[in-house]
Amino acid sequence: RAVVLEGGCGKRVPTVRQNTNRLARKGAWVIRINASAEDAKCPKDAAFGVRTVSLHCGVLKAIRGINEAIARIRQGVEREP
């Protein structure tokens, strides 16, 4: 399954936003990161469903947080017998 990580492009880069939306409508998950709360929002239409995450923060902070979350998940999985 595809995941689109869209960071910092906002509405000023419509081609990126359009491609992200097109891929989401085809079933891709979307993680949209932007320092502007308005630009971080994902559409509320049914095509996007629950496959979206909007992060209102800087891109570097978001990526660090995602990496930390993945590390915690892996540690939990590795502890399982």
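Everything here concerns the structure above.
Parameters at a glance
- Residues numbered from 1 in each chain as written.
- Predicted model: local features only at pLDDT ≥ 70, side-chain atom pairs only at ≥ 80, totals over all residues.
- Heavy atoms only, no water.
- Helix = DSSP H or I, 4+ residues; strand = E, 2+ residues; numbered from the N terminus.
- Buried < 20%, exposed > 50% of the residue type's maximum accessible area, 1.4 Å probe, protein only.
- Contact = heavy atoms within 4.5 Å.
- Areas by Shrake-Rupley, 256 points an atom, 1.4 Å probe, with all protein chains shown as cover.
- Expected span 1.5 Å × (residues − 1).
- Arc of directions from axis to C-beta.

Novice: Kindly report on the overall build of the protein, identifying the contributing residues and their values.
Specialist: Counting its regular elements, the protein contains three helices and three strands. Order of helices (α) and strands (β) in the protein, N terminus to C terminus: β-α-β-α-β-α. Relative to its 81 residues, the protein shows a buried fraction of 25%. Within the protein, residue pairs in contact and separated by at least 24 positions form 41% of the contacts whose partners lie at least 6 positions apart. Accessible area for the protein stands at about 5800 Å²; split by element, carbon and sulfur atoms hold 57% of it.

Novice: Run through helix 1 (residues 14–25), naming residues and quoting values.
Specialist: An ideal rise of 1.5 Å per residue puts 16 Å on 12 residues; helix 1 measures up with 16 Å between its terminal C-alpha atoms. Those residues of helix 1 that sit buried are Arg 17, Thr 20, Asn 21 and Ala 24. Along helix 1, the residues classed as buried sweep out an arc of 95 degrees about the axis, all on the same side. Seen from the open side of helix 1, the exposed residues pointing more than 90 degrees away from its buried face are Thr 15 and Gln 18. Structurally, helix 1 contributes buried residues whose contacts are with strand 1 (3–7), strand 2 (29–34) and helix 2 (37–40). Within two residues after helix 1, Gly 27 carries a phi angle of roughly 115 degrees, on the positive side.

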